[in-house]
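Residue-level structural notes
So you can see what is in the structure, the chains are spelled out below.
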Amino acid sequence: MTQILINAKAKLRMSLSKTVNYILSSQRATIISYNDKYRRDIFDRLNRIGKETDLLLCPSEAYTIFMAVKATEKIKGDLAEVGIYKGGSSRIICEAKGLRTLHLFDTFEGIPEVSSIDSRQFFAGQYAGTFDEVKENLKNYENVYLYKGVFPTTSDPIKNKRFSFVHFDVDTYLSTKECLNFFYERMSKGGIMISHDYNGAEGVRRAFQEFFTDKPEHIIEIANSQCMILKF
Ligand SMILES: C[S@@+](CC[C@H](N)C(=O)[O-])C[C@H]1O[C@@H](n2cnc3c(N)ncnc32)[C@H](O)[C@@H]1O
């Protein structure tokens, strides 16, 4: 009896998501379902963090970061993020990183500058988080270091390190270019770089496309706004 009910529920869920996807397809949109227990538990965990931290990523983007951090478990090197705002995405990384070291960079005064390449939705001073709020949001995790200032002027303490995972969420052309210039050569083989807003922020897309023109790695576009690089 219980098995019949479980099967009926699964069928109902499947036909519901098919119907919603059919309706959304006219808007070139889709929903992603996290149906099995393993994925549902992770989704719930990340969703709770999102609500607690004012996270600016959508659930599937948070899920991608979580899984990518897990996937780099055996790769040598530290982790880093540039563009942390209130620490929402940093906490997603923390949930997956175990005891590995994470370096976090932000101005805590918002976006430092925008150029004519950048989408008009961004402006200097936007997304100013506070240092203390981020510290509070991340207080339960070990081996996490915060650096305040415009990256890469704050990069000195990590200039001799290697990296297994880095996340950029800096919104603009200049900041994305600086992040790529700094981290690319410091990524371990098999390490992963993810950026938010590859789709949706012209400056971010342009910075990636220019930077990887003469590199062997591919820019992998992911559903929603992110892109991913797997270092060769
Ligand atoms: C969209 S917010 C980050 C959101 C955060 N990742 C989240 O998901 O909740 C962008 C952040 O990038 C930071 N930022 C942009 N360019 C930067 C740079 N060159 N150095 C340091 N921080 C930068 C801004 O201060 C802002 O906090």
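Structure: see above.
Presented here is a report on the structure given in the accompanying data block. Predicted model only: the values in this text are computed from it and were never measured. (Residues numbered from 1 in each chain as written. Predicted model: local features only at pLDDT ≥ 70, side-chain atom pairs only at ≥ 80, totals over all residues. Heavy atoms only, no water.)

1. Concerning the sheet that holds strand β4 (residues 163-168)
For sheets, the rule is that strands pair by backbone hydrogen bonds, running either parallel or antiparallel. Taken together, the seven strands give an open sheet; going across it, the order is β3-β2-β1-β4-β5-β7-β6, and neighbouring strands pair in mixed fashion. The open sheet is flanked by β3 (144-148) and β6 (220-221), the only strands paired with a single partner. As paired strands, strand β1 (residues 78-82) and β4 are joined by five bridges and run parallel to one another. Across the sheet, residue Ala80 finds its bridge partner in β4, namely Val166. (Pairing = 2+ DSSP bridges. Helix = DSSP H or I, 4+ residues; strand = E, 2+ residues; numbered from the N terminus.)

2. Side note on the packing of aromatic side chains
Considering all chains together, one arrives at 16 aromatic pairs under this definition. Their ring planes at 80 degrees and their centres at 4.9 Å tell us that Phe182 and Phe183 sit as a pair that is edge-to-face. Of the residues examined, Phe182 reaches a relative accessible area of 9% and is grouped as buried. Of the residues examined, Phe183 reaches a relative accessible area of 0% and is grouped as buried. Of the aromatic side chains, those joined through ring pairs into one cluster are Phe105, Tyr147, Phe151, Phe163, Phe168, Phe182 and Phe183. A cation sits over an aromatic face here: Arg186 above Phe182, 3.9 Å from the ring centre. (Phe/Tyr/Trp six-rings, centres within 6.5 Å; stacked < 30°, edge-to-face > 60°. Buried < 20%, exposed > 50% of the residue type's maximum accessible area, 1.4 Å probe, protein only. Lys NZ or Arg CZ within 6 Å of the ring centre and 35° of its normal.)

3. Looking at the pattern of salt bridges
In the structure shown here, the tally under the stated rule is 13 salt bridges. Its salt-bridge partner being Lys37, residue Asp41 comes within 2.6 Å of it at the nearest N-O pair. With Asp41 and Lys37 both in helix α2 (residues 37-53) and four residues apart, this pair spans about one turn of that helix. Look at Lys37 and you get exposed, because its relative accessible area is 54%. Of the charged contacts, one joins Asp156 and Lys159 as a salt bridge, the two residues approaching to 3.3 Å between their closest N and O atoms. (Salt bridge = Lys/Arg side-chain N within 4 Å of Asp/Glu carboxyl O.)

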